[in-house]
Amino acid sequence: MSQSVKSVVILGAGAWGTALAKLAAINGNQVHLWSRQGSQSLVSVLENAHIVLSAISMQGVRDVASVVKSSPVSPETIFVTATKGLEPKTTYTPSQIWQEIFPNHPVVVLSGPNLSQEIVRELPAATVVASKNINAAQSVQLVFSSSRFRVYTNPDPVGVELGGTLKNVIAIAAGVCDGLNLGTNAKAALVTRGLTEIVRIGKNLGAKTETFYGLSGLGDLLATCNSPLSRNYQLGYQLAHGKTLKEILASLPGIAEGVNTCRVLMEIAQQRSIAIPISEQVYQLLEGEVTPQQALDQLMLRDIKPEFDDFSTEQMW
Ligand SMILES: NC(=O)c1ccc[n+]([C@@H]2O[C@H](COP(=O)([O-])OP(=O)(O)OC[C@H]3O[C@@H](n4cnc5c(N)ncnc54)[C@H](O)[C@@H]3O)[C@@H](O)[C@H]2O)c1
Ligand SMILES: O=P(O)(O)OC[C@H](O)CO
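Predicted model, so just to flag it, every value in this text is computed and none were measured.

Further remarks concern the site of ligand 1. Inspection of the region around ligand 1 gives 22 residues, with Trp16, Lys84, Ser116, Arg231 and Glu257 positioned closest. Within the backbone of Ala13, a nitrogen or oxygen atom sits 3.3 Å from an oxygen atom of ligand 1. Trp16 places a polar main-chain atom, nitrogen or oxygen, 2.9 Å from an oxygen atom of ligand 1. In isolation ligand 1 has 820 Å² of accessible area, and contact with the protein removes 86% of it.

Following this line, the structure appears as structure tokens:
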């Protein structure tokens, strides 16, 4: 696993940016953690960067990428995105924004079951780095791989990114499920049917089905739907206990991307006529149109149907 020392710039010193900076530093890389609140200018840290990783929350991605564009970066620089969200105006994923702004640079997605609080405690974890440019993905793999962080490559960046992004909506539903004490059977049904919705959307947007059964799909779905460390899960749990969205967001540590993602997801599903009943109930709940109990009733009382739309092997998912 040896390689030359890389200069790695991490944009965003929130929970995830800080954890990733530590992971890159333990391999001896030269790491600069940049935050808009810090004293270092973006121009000064970007000089000679081999890898620029963005751990900015979704709402700031385009602004930060545009500022980076106006700074001198090496033509060899690899951009890595670790944000899990969708842009409201364009419905783009973060990697699509970075690729639009830097069409001649490789863009890599880093995503997986990675609750930052466990990672800073040095507990073992695994993740995926995905890119159409396999050499770029392998360079990023070397920078972050260690005895406590196992990094896999994958050639399906859209699938890896959508798995990490869309599971946040299902994690809100999982928090509601646990908050209402609906039991293990209900939770298993919710997470499994939630994965069906993620696959439907992902396939329609050009992702590979099998990606959603890997670490960045099922893996992240399981981690986020089962952990009180997840802000999205916490948000659902507290909604089930009668708190308002405004109250919860005011006390949550950091961002719960599932709220914004759910709105954008509804737009995509409506435009493309894709059925996402669980996400639709999460949307109505976040909009204050239904209570958690009403959302549950609406899901249970939907028209009965076969488990799969078409039972041929090709279309089973
Ligand atoms: N925390 C985790 O466990 C975790 C794990 C994997 C992925 N993620 C994803 O990583 C992203 C960041 O998560 P986080 O937990 O670090 O959130 P956070 O709220 O702790 O940090 C977000 C960071 O983005 C910065 N930011 C936001 N808007 C900005 C702007 N306009 N200009 C400059 N900086 C801006 C903030 O200053 C902050 O440093 C999210 O998309 C999240 O889904 C988080
Ligand atoms: O705290 P959350 O809900 O943003 O989840 C963090 C990560 O996405 C888990 O992989």
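Following the criterion strictly, the structure yields four aromatic pairs and no others. With 5.3 Å between their ring centres and 20 degrees between their planes, Phe79 and Trp98 make a pair best called stacked. Within this pair, whereas Phe79 is found in strand S4 (residues 78-81), its partner Trp98 is found in helix H4 (residues 94-101), the two being separated by 19 residues in sequence. Between Tyr233 and Tyr237, the aromatic rings sit 6.1 Å apart at their centres with planes inclined by 20 degrees, giving stacked as the arrangement. With Tyr233 and Tyr237 both in helix H10 (residues 231-240) and four residues apart, the pair spans about one turn of that helix. Look at Tyr233 and you get buried, because its relative accessible area is 7%.

Definitions and cut-offs
- Residues numbered from 1 in each chain as written.
- Chains lettered and ligands numbered in written order.
- Predicted model: local features only at pLDDT ≥ 70, side-chain atom pairs only at ≥ 80, totals over all residues.
- Heavy atoms only, no water.
- Near = heavy atom within 4 Å.
- Polar contact = N/O pair within 3.5 Å; in protein donor to acceptor, adjacent residues only side chain to side chain.
- Areas by Shrake-Rupley, 256 points an atom, 1.4 Å probe, with all protein chains shown as cover.
- Phe/Tyr/Trp six-rings, centres within 6.5 Å; stacked < 30°, edge-to-face > 60°.
- Helix = DSSP H or I, 4+ residues; strand = E, 2+ residues; numbered from the N terminus.
- Buried < 20%, exposed > 50% of the residue type's maximum accessible area, 1.4 Å probe, protein only.

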